[in-house]
Amino acid sequence: MLEVRLESISKKFEDAVAVDNVSLEIAAGELFFLLGPSGCGKTTCLRVVAGFYTPDTGELHFGEREVTHLAAFLRNTGMVFQNYALFPHMSVERNVAYGLKVRGIPSDERKRKVQRALDVVHMTGSEKRLPNQLSGGQQQRVALARALVIEPDVLLLDEPLSNLDAKLRLEMREEIRRIHRETGVTAIYVTHDQKEALSIADRLAVMRDGRIEQVGSPHDVYSRPANAFVAGFIGETNFLPCEAIRCRPDEIQLHSPWGSITSIRPHRGLEASQEVIASIRPEAIVIREDRGPALPGEISGPLNCLRGKVVSVTYLGDQVQYALKLNPDHEMKVTILNPAAQSPFAVHARVAIEFRPEDVSVFDVMPKAVSNSLEELPSYMLR
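As the structure is a computational prediction, the values presented were derived from the model and not from experiment.

Student: Explain the overall build of the protein to me, using residue names and the numbers behind them.
Tutor: A count of helical and extended segments in the protein gives nine helices and 21 strands. Overall, the protein is about 80 × 45 × 35 Å in size when its C-alpha atoms are taken along their principal axes. For the protein, the residues scored as buried account for 52% of the 383 residues in total. Considering only contacts in the protein between residues 6 or more positions apart, those separated by 24 or more positions represent 67%. As presented, the protein carries roughly 17,800 Å² of accessible surface, and 51% of it is formed by carbon and sulfur atoms. The centroid of the 45 positive side-chain charges in the protein is displaced by 5 Å from the centroid of its 50 negative side-chain charges.

Student: Hey, could you go over empty space enclosed by the protein for me, with residue numbers and the actual values?
Tutor: One pass over the full model with this rule turns up one cavity of 30 Å³ or more. There is about 50 Å³ of room inside the largest cavity. The wall of the largest cavity is formed by Leu31, Leu144, Leu155, Leu157, Ile176, Ile179, His180 and Ala187. The set of elements that each furnish at least two residues to the lining of the largest cavity consists of β7 (154-158) and α5 (166-183). Counting residues per element, the lining of the largest cavity draws most heavily on α5, which supplies three residues. The residue inventory of the lining of the largest cavity, partitioned by class, reads seven nonpolar, one polar and no charged.

Student: Which residues make up the packing of aromatic side chains, and what values do they have?
Tutor: A complete count under the given rule lists five aromatic pairs for this structure. Ring centres of Phe229 and Phe233 lie 5.7 Å apart, and the angle between their planes is 10°; this geometry places the pair in the stacked category. Remark: Phe233 and Phe229 occur in helix α8 (residues 228-233); sequence separation between them is four residues, near one turn of the helix. Summarising the burial analysis for this pair, Phe229 and Phe233 share the class buried. Pairing Tyr322 with Phe345 gives two aromatic rings, centres 6.1 Å apart and planes at 70°, and the pair type is edge-to-face. Residue Tyr322 is found in strand β18 (residues 319-326), and its partner Phe345 is found in the loop between β19 (330-337) and β20 (350-355); the two are separated by 23 residues along the sequence. Like Phe345, Tyr322 is buried. When the ring centre of Tyr222 is taken as reference, the NZ or CZ atom of Arg281 above it lies at 4.0 Å.

Student: Explain the environment of Gly216 to me, using residue names and the numbers behind them.
Tutor: Summarising the element assignment, Gly216 is placed in strand β10 (residues 211-216). With a relative accessible area of 8%, Gly216 lands in the buried category. For Gly216 and Asp202, which are 14 residues apart along the polypeptide, the C-alpha to C-alpha distance reads 8.6 Å. Setting aside its immediate chain neighbours within four residues, Gly216 contacts Arg203, Leu204 and Val221.

Student: Describe the sheet that holds strand β2 (residues 16-26), with residues and values.
Tutor: Pairing is antiparallel in the open sheet, where four strands are placed in the order β2-β1-β4-β5. Pairing within the sheet leaves two strands with one partner each, and these edge strands are β2 and β5 (65-66). Bridge analysis of strand β4 (residues 57-62) against β5 gives two bridges, and the strand direction is antiparallel. Within β5, the residue paired with Phe62 across the bridge is Arg65. Where helix α1 (residues 42-50) meets the sheet, its contacts fall on β1 (4-13), β2 and β4, and the angle it forms with β1 comes to roughly 115°.

Student: Give me the lowdown on the confidence of the model for the protein, citing residues and values where you can.
Tutor: Residues at a pLDDT of 70 or more form 92% of the protein, whose mean pLDDT is 89. With pLDDT under 50 throughout, residues 367-374 is counted as low confidence; its partners more than four residues away or in other chains account for 12 contacts.

Student: If you had to explain the sheet that holds strand β21 (residues 360-364) to someone new, which residues and values would you point to?
Tutor: In space, the five strands of this open sheet follow the order β13-β12-β11-β14-β21, with antiparallel pairing throughout. In the strand order of this sheet, the two ends are held by β13 (259-263) and β21, each with one partner. Neighbour-to-neighbour, the strand axes of this sheet turn through a mean angle of 40°, independent of strand direction. By the bridge criterion, five bridges tie strand β14 (residues 275-280) to β21 in an arrangement that is antiparallel. Its bridge partner lying in β21, Ile277 is registered against Phe363.

About the criteria used
For every chain, the first residue of the written sequence is number 1, and numbering continues from 1 along that sequence. Where local features are concerned, this predicted model is filtered to residues with pLDDT of at least 70; where side-chain atom pairs are given and counted, the filter is 80 or more; whole-chain, interface and lining totals use all residues. Side-chain measures here rest on the full set of heavy atoms in the structure, leaving out hydrogens and waters. A run of H or I in DSSP becomes a helix once it reaches four residues, and a run of E becomes a strand once it reaches two; helices and strands are each numbered from the N terminus. The rule is simple: take the accessible area with a 1.4 Å probe, protein chains only, and divide by the maximum for that residue type; under 20% is buried, over 50% is exposed, in between is partly exposed. Contacts were defined at the residue level, with two residues in contact if any of their heavy atoms lie within 4.5 Å. All accessibility values rest on the Shrake-Rupley procedure with a 1.4 Å probe; residue burial counts only the protein chains present in the view. In this count, Lys and Arg are taken as positive residues and Asp and Glu as negative ones, while His and the chain termini are left out. Charge placement uses NZ in Lys and CZ in Arg. For Asp and Glu, CG and CD serve respectively. A cavity here means a set of points on a 1 Å grid, drawn over the protein atoms and nothing else, where a 1.4 Å probe fits but cannot get out; a pocket is an open set with protein on both sides within 12 Å along at least five of seven lines, and a residue lines either one if it has an atom within 4 Å of a point. Grid points are joined across faces, edges and corners, and a volume is the space filled by probe spheres set on the points. Lys, Arg, Asp and Glu make up the charged group, whereas Ala, Val, Leu, Ile, Met, Phe, Trp, Tyr, Cys and Pro make up the nonpolar group; the residues left over, Gly among them, are polar. Stacked, tilted and edge-to-face are the three classes applied to pairs of Phe, Tyr and Trp rings, where Trp contributes its six-membered ring and a pair requires centres within 6.5 Å; stacked means planes under 30 degrees apart, edge-to-face means over 60, and tilted covers the rest. Over a ring means this: the NZ of a Lys or the CZ of an Arg is within 6 Å of the ring centre and within 35 degrees of the ring normal. Pairs of strands are assigned from DSSP output, requiring at least two bridges between the strands. Interaxial angles span 0 to 180 degrees and are taken between N-to-C directions of axes, which are lines fitted to C-alpha atoms, for helices over the stretch in contact. A residue's pLDDT is simply how confident the predictor is in it, with values from 0 to 100.

Dropping the structure here:
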């Protein structure tokens, strides 16, 4: 197991900056995710680590060894590609053994290592089958075995589950997590699937436009997003444009067209009269019948309280999603888990929504950053 360290890595393709001054420390034995939308630079970072691209600036280290300009075949990395890249004319056994054969491993030892790798991925008994005789999930297991059999210092996975159907993706998430626990290899995993990253990553980095927006555990990144882009990209959220009225280290009072809002989350140097964005996760909101007058909003005890009208209801079995229209015109999404525990609300019902001050994140509105962030967010968050 080796630590992987990227120090101020940058990579351009003609005039396009794919990776812009990226620094990361990936611990030995860690399952680390690079997450972001298409074109954010995550695959370029992975290919720099693999040795397929040489960075224009910066250094790459495997443990104490600098490998920035070391050829790919000398780095002892195992790569799992999005399209599996299995040799169609070779059996499972020969596909897995290929890397060992290239390394000149003797036949008897090669056979033992192949069998052990197939055992790890639960593909024992399929040694003589061809790739076209395997399901997508089985092909992915073979690709994993081929990457693991060489006993790599670093395992690299480039969107390995994107070609699988939804059910297989769920199964393979658990398999990848199990295989990582059993092998203990340092692994870097690229994906644009937030649920994939949240469900199995030890830590993750969210990227945008070639830069790192935030690094942390799945829980930290989801519950304490660094900015509006991260809040909108990781999971779902509602954004409310507000004005900061009073800013204390442990409390922010906000004014909005829909009522007063309080946040007791840490913030980054916000000041009174500053334009800000409040972010509230749909599942953090409680919905109830509106028993009071149709006010635009108010503080109710320790909770923030706003009022609106149900405009759509989506029943998903384990949850119900409500779209609400606040007055003046603004739409919010509310997600109720375990809907059987609560009577449903009909379309056009007048409701009150409540959410805790500790569930409100507040972000600075910087003209370029926010305009770029909001363009990439679902439309219901911006109305």
